[in-house]
Amino acid sequence: AAIFPPEGKFLLENGTLFYDTREFVDSSGETIPTDISNIVANRTIFGYVTPWKILGGNYVPAVVLPLANAPLRPTPDTETDFQLSDLVLQPFALGWNYDTVHTQFVYNVWFPTGRFNAGASDNVGKGLYSHMLSYGATWLQAKELPWAATATLRYELPGKQKDTDIEPGDVLIVELAAGKEVAKGFDLGLTGYYQTQTTEEKGSAPGTDTTRYRFAGLGPEINWRPAKVPGFQLALRSYYEFAARNTSQGVFAVLSLAYVFGSGK
């Protein structure tokens, strides 16, 4: 959702990602088995909603520490090895609240801290800096047991990979979700995403398939906020992926534990 916690609050969130890749789909739609079926990644986010205002929105810096045993989009012959992946910094983000509508603008930077060796099969990092711009909006009905809907657009601009001349193409990501609080502190919803490469990859070796990749996912979401633990939320999302080209597809799940705390409003 495009909603930051209240002003003056800290956010600590740990998300564990489980991905059963099932298959790699080439640019013509043919499927190729992958050598690994289960990928596990973990991301820990720590952020703070400052009282500082820019253009009327709260300034929200954050850092994301990721761990992974393989790239989330593995190619055939990928190997597993649990390691620190690419660190993410959120140096700039703004959030606005307008009664039932909440919006946010976010700028993230990926740093090549994950292990990357050109041509290796066990890389957990991309070997490059990457920048992402995001804008999202959430509507939250002003009533008991409300309906809610959210939409977020993200655009990633990767840099050049170290030790190679490869510069991946830009990436567009669309995320959508809708749901309802069916009991106090308990939400059910439907969520989905679509991701596609929008520009051609540069500098690839001859014979490399640089067809723009794409994939989509759709599935249910459950959120629980126990009344006896204010500020805590447990969320479980799962997705069935389809329509992939030149990348993997499978079943994807995220278990998120989040806690908001501090002396803010």
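For the structure itself, consult the block above.
Residues numbered from 1 in each chain as written. Predicted model: local features only at pLDDT ≥ 70, side-chain atom pairs only at ≥ 80, totals over all residues. Heavy atoms only, no water.

Colleague: Just to check I follow, could you spell out the overall build of the protein chain for this structure?
Modeller: The number of helices and strands found in the protein chain is 0 helices and 16 strands. The C-alpha atoms of the protein chain give 19 Å as radius of gyration, which agrees with the globular expectation for 265 residues (18 Å, within 12%). Over its C-alpha atoms, taken along the principal directions, the protein chain stretches across nearly 55 × 35 × 30 Å. Residues counted as buried form 40% of the 265 residues belonging to the protein chain. Look at the contacts in the protein chain between residues 6 or more apart in sequence, and 60% of them connect residues 24 or more apart. With an accessible surface of roughly 13,800 Å², the protein chain has 62% of that area assigned to carbon and sulfur atoms. Across the protein chain, the centroid of the 21 positively charged side chains sits 10 Å from that of the 27 negatively charged ones. (Helix = DSSP H or I, 4+ residues; strand = E, 2+ residues; numbered from the N terminus. Rg over C-alpha atoms; globule rule 2.2 N^0.38 Å. Buried < 20%, exposed > 50% of the residue type's maximum accessible area, 1.4 Å probe, protein only. Contact = heavy atoms within 4.5 Å. Areas by Shrake-Rupley, 256 points an atom, 1.4 Å probe, with all protein chains shown as cover. Lys, Arg positive; Asp, Glu negative; His and termini not counted. Charge placed at Lys NZ, Arg CZ, Asp CG, Glu CD.)

Colleague: In this structure, what is going on with the packing of aromatic side chains? I would like to understand it.
Modeller: We describe a pair of aromatic rings using the distance from one ring centre to the other and the angle between the two ring planes. Under the definition given, this model contains 13 aromatic pairs. Note on Phe111 and Tyr129: the rings are 5.5 Å apart at their centroids and 75° apart in plane angle, and the pair reads as edge-to-face. A residue pair is termed long-range when its members are at least 10 positions apart, and Phe111 in the loop between strand S9 (101-110) and strand S10 (130-140) and Tyr129 in the loop between S9 and S10 qualify at 18 residues. A residue is classified by how much of its surface remains accessible, and Phe111, at 25% relative accessible area, is partly exposed. Taken together, a centroid distance of 6.2 Å and an interplanar angle of 10° make the contact between Tyr213 and Phe215 stacked. Like Phe215, Tyr213 is buried. In this structure an aromatic cluster arises from ring pairing among Tyr19, Tyr193, Tyr213, Phe215, Tyr239 and Phe252. Over the ring of Phe215 we find Arg73; its NZ or CZ atom is 3.6 Å from the centre of that ring. (Phe/Tyr/Trp six-rings, centres within 6.5 Å; stacked < 30°, edge-to-face > 60°. Lys NZ or Arg CZ within 6 Å of the ring centre and 35° of its normal.)

Colleague: How do you make sense of the environment of Tyr59 when you look at a structure like this?
Modeller: Tracing the sequence through the fold places Tyr59 in strand S5 (residues 57-59). On the basis of relative accessible area, Tyr59 is assigned to the buried category, the value being 17%. Taking the C-alpha atoms as reference points, Tyr59 and Phe92, 33 residues apart in sequence, are found 7.0 Å from one another. Ignoring sequence-local partners within four residues, the contact set of Tyr59 consists of Tyr48, Val49, Thr50, Trp52, Pro91, Phe92, Ala93 and Leu94. A polar contact of 2.6 Å, which involves the side chain of Tyr59, links it to the backbone oxygen of Pro91. (Polar contact = N/O pair within 3.5 Å; in protein donor to acceptor, adjacent residues only side chain to side chain.)

Colleague: I'm lost on the pairing of strand S12 (residues 171-183) in this one. Help?
Modeller: Of the pairings in the sheet, the one linking strand S11 (residues 147-158) to S12 comprises 10 bridges and is antiparallel in character. Its bridge partner lying in S12, Ala151 is registered against Leu176. Here S12 runs beside strand S13 (residues 186-197); their pairing, made up of 12 bridges, is antiparallel. Looking at the pairing, Val174 lines up with Tyr194 of S13. Taken together, S12 and the strand that follows it, S13, pair antiparallel across an intervening segment of 2 residues, in which Gly185 is found at a positive phi of about 80°. (Pairing = 2+ DSSP bridges.)

Colleague: Looking at this structure, I do not really get the pattern of salt bridges. What am I missing?
Modeller: Here the structure, examined in full by the defined rule, presents 12 salt bridges. Members of the salt-bridge network, linked through shared partners, are Asp81, Arg115 and Asp122. (Salt bridge = Lys/Arg side-chain N within 4 Å of Asp/Glu carboxyl O.)

Colleague: Teacher, can you tell me more about the nonpolar core here?
Modeller: Note that soluble globular proteins tend to have their nonpolar side chains buried in a common cluster. Counting residues in hydrophobic clusters, the biggest one holds 18 residues, and the most contacted among them are Leu17, Ile39, Tyr193, Phe215 and Phe252. Among the elements that make up this core, the one with the highest residue count is strand S1 (residues 10-25) (3 residues). If we ignore the near neighbours within four places in the chain, the residues touching Ile39 are Leu17, Phe18, Tyr19, Thr21, Asn69, Ala70, Pro71, Leu72 and Pro74. Counting 5 residues, the second largest nonpolar core, distinct from the first, contains Val49, Val60, Ala93 and Val106. (Core = buried A, V, L, I, M, F, W, Y, C linked by side-chain atoms within 4.5 Å.)

Colleague: Any chance you could explain the pairing of strand S15 (residues 232-245) here in plain terms?
Modeller: For a regular strand, side-chain orientation follows a simple rule: the groups alternate between the two sheet faces. Note that strand S14 (residues 214-224) and S15 share 8 bridges and pair antiparallel. Its bridge partner lying in S15, Gly217 is registered against Glu241. Note that S15 and strand S16 (residues 247-261) share 9 bridges and pair antiparallel. Each bridged residue has a counterpart across the sheet, and for Leu234 the counterpart in S16 is Leu257. Linking two consecutive strands that pair antiparallel, namely S15 and S16, is a turn of 1 residue; a positive phi of about 60° is found at Asn246 within it.

Colleague: For this particular structure, what's the right way to read the environment of Gly219?
Modeller: In this structure, Gly219 sits in strand S14. Take Gly219: its relative accessible area is 5%, and that puts it in the buried class. Separated by 93 residues in sequence, Gly219 and Lys126 place their C-alpha atoms 28 Å apart.

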